[in-house]
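Analysis of the macromolecular model
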Amino acid sequence: MRFRIVHKTDYTYDAPVALGPHVVRLRPRSDGTLHILSHDLNIAPAPVGRSDQLDLHGNSITHLWFSGTTTQFSIESAFEVETTRANPYDFMLDPSFERLPVGGPAELAACRATRDALPAAVLDLSDQLAGRSGGDTLGFLTELSGHLFRTVVHELRHDGEPYSPETTLKLGAGACRDIAMLFLAACRAQGLAGRFVSGYQAHSKRIDRHMHAWPEVYLPGGGWRGYDPTWGLAIADTHVAIAAAPAPAATMPVEGSFTGAARSRMSYHVAIEVE
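This report concerns the structure included in the present document. The shown structure was predicted, so the numbers you read here are calculated from the model rather than taken from an experiment.

Conventions used here
- Residues numbered from 1 in each chain as written.
- Predicted model: local features only at pLDDT ≥ 70, side-chain atom pairs only at ≥ 80, totals over all residues.
- Heavy atoms only, no water.
- Helix = DSSP H or I, 4+ residues; strand = E, 2+ residues; numbered from the N terminus.
- Polar contact = N/O pair within 3.5 Å; in protein donor to acceptor, adjacent residues only side chain to side chain.
- Salt bridge = Lys/Arg side-chain N within 4 Å of Asp/Glu carboxyl O.
- Buried < 20%, exposed > 50% of the residue type's maximum accessible area, 1.4 Å probe, protein only.
- Pairing = 2+ DSSP bridges.
- Contact = heavy atoms within 4.5 Å.
- Axes fitted to C-alpha atoms, helices over the stretch in contact; angles between N-to-C directions.
- Core = buried A, V, L, I, M, F, W, Y, C linked by side-chain atoms within 4.5 Å.
- Expected span 1.5 Å × (residues − 1).
- Phe/Tyr/Trp six-rings, centres within 6.5 Å; stacked < 30°, edge-to-face > 60°.
- Lys NZ or Arg CZ within 6 Å of the ring centre and 35° of its normal.

1. Examining the side chain of Ser 77
- Inspection of the secondary structure puts Ser 77 in strand β5 (residues 70-83).
- Of the polar contacts made by the side chain of Ser 77, one reaches the backbone oxygen of Leu 26; its length is 3.1 Å.

In structure tokens:
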């Protein structure tokens, strides 16, 4: 599947401000099944310095720094990528991970949680679904994704951090980032390591497109595998990941600050073409 995506973010200030250092996470994650065909990152005003790097979690990020003052700031990421994974189950799961609960590599401690750190309502849900799947790991992940798709109403919420998993359960509704965090908490209750992903997806038919969020689970033999409980499916070639991390804050598309006595306003536009 081929994606052409343009994501533009505009900031306006009602008085001149000095832009502080910024971190931009808008370059697609290139891996064995997602190939970057082109990518342009356009910044105005032009930064005086730019450094492209990999962060702690392996995401492609761009550090920017500026001089002078401005009343406008825009970031436009335009790229074309090809996704090639047709089968989300094209792997052989390590036999030690076939049954729940599981253990995980010590290196993934930040992506896991102990059961006593999770709310009782999430533990109950996770254990019920694990029992319903007969303790089968892949069956549990399928059951969890489908259950959240059927029982949690998806809504758009443009601002704010994700709800806590127990809040999403109580409300029975949430944005994609809320549902992703609930999925991760339920997985961590069974010993699975999971991380939060931001990016884009092909499914929506909305004219006003947005970034999307979903979870990934580490499965030995399969690596990091994505699930989208907003749609109730295992991810193959329909999603384009930008950044992944144990917590959402490290996947924000733009992170930075300004100094000056001004009020700011942000707007954005996302255009996605798929073939």
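2. Some remarks on the pattern of salt bridges
- Overall, the coordinates contain 16 salt bridges when judged by the stated rule.
- Two residues, Asp 14 and Arg 263, come together in a salt bridge whose shortest N-O distance is 3.1 Å. Taken together, the positions of Asp 14 in strand β1 (residues 2-24) and Arg 263 in the loop between β13 (254-259) and β14 (264-274) put the pair 249 residues apart, joining distant regions of the chain.
- Of the residues examined, Asp 14 reaches a relative accessible area of 48% and is grouped as partly exposed.
- In this structure, the salt-bridge partner of Arg 29 is Asp 31, at a minimum N-O distance of 3.8 Å.
- Each member of the salt-bridge network shares a partner with another, and the members are Arg 2, Arg 4, Glu 80, Glu 273 and Glu 275.

3. Remarks on the sheet that holds strand β12 (residues 239-245)
- Overall, antiparallel pairing links the 5 strands, which are arranged β11-β10-β9-β8-β12 in an open sheet. In this open sheet, the two strands that pair with only one neighbour each are β11 (233-234) and β12.
- Inspection of the sheet shows strand β8 (residues 194-201) paired to β12 by 6 bridges, in the antiparallel sense. Considered in β12, the bridge of Ser 198 is made with Ala 243.
- Sheet strands touched by helix α4 (residues 176-188): β8, β9 (212-219) and β10 (223-228). Its angle to β9, the strand with the most contacts, is close to 15°.

4. Quick notes on the pairing of β9
- Among the 8 residues in β9, 7 count as buried, and that is most of the element.
- Relative to β9, β8 runs antiparallel, the two being bridged by 6 bridges. Across the sheet, the residue bridging to Gly 194 is Val 217, located in β9.
- Where β9 hands over to β10, the hairpin turn is made up of 3 residues, of which Gly 221 adopts a positive phi near 100°.

5. Quick word on the nonpolar core
- Phe 140, Leu 141, Leu 144, Leu 148, Phe 183, Cys 187 and Leu 192 are the most contacted members of the largest nonpolar core, which totals 28 residues.
- Sorting the residues of this core by element identifies α1 (120-132), α2 (137-151), α4 and β9 as the ones contributing at least two each.
- For this core, the element with the most residues is α4, which contributes 6 residues.
- In this structure Phe 140 touches Leu 100, Ser 126, Leu 129, Ala 130, Ser 133, Ala 186, Cys 187, Gln 190 and Leu 192, once residues within four positions along its chain are discounted.

6. What about α2?
- If you check α2, its first and last C-alpha atoms are 21 Å apart, about what 15 residues at 1.5 Å a residue would give, namely 21 Å.
- Along α2, the positions that sit buried rather than exposed are Thr 137, Phe 140, Leu 141, Leu 144, Ser 145, Gly 146, His 147 and Leu 148.
- On its buried side, α2 packs onto α1, α4, β9, β10 and β11.

7. Quick word on the packing of aromatic side chains
- Applying the stated rule across the entire model yields 6 aromatic pairs.
- Their ring planes at 25° and their centres at 5.7 Å tell us that Tyr 11 and Phe 73 sit as a pair that is stacked. A residue pair is termed long-range when its members are at least 10 positions apart, and Tyr 11 in strand β1 and Phe 73 in strand β5 qualify at 62 residues.
- Exposure remark for Tyr 11: the relative accessible area of 16% places this residue in the buried category.
- On the numbers, 5.9 Å between centres and 55° between planes, the contact of Phe 79 with Tyr 200 is tilted. Here the residue Phe 79 occupies a position in strand β5, and Tyr 200 occupies one in strand β8, the gap between them amounting to 121 residues.
- Members of the aromatic cluster, connected to one another through ring pairs, are Tyr 11, Phe 66 and Phe 73.
- The ring of Tyr 163 has Arg 157 sitting right over it, with the charged end atom 3.8 Å from the ring centre.
- Cation over ring: Arg 195 sits above Trp 224, and NZ or CZ is 4.0 Å from the ring centre.

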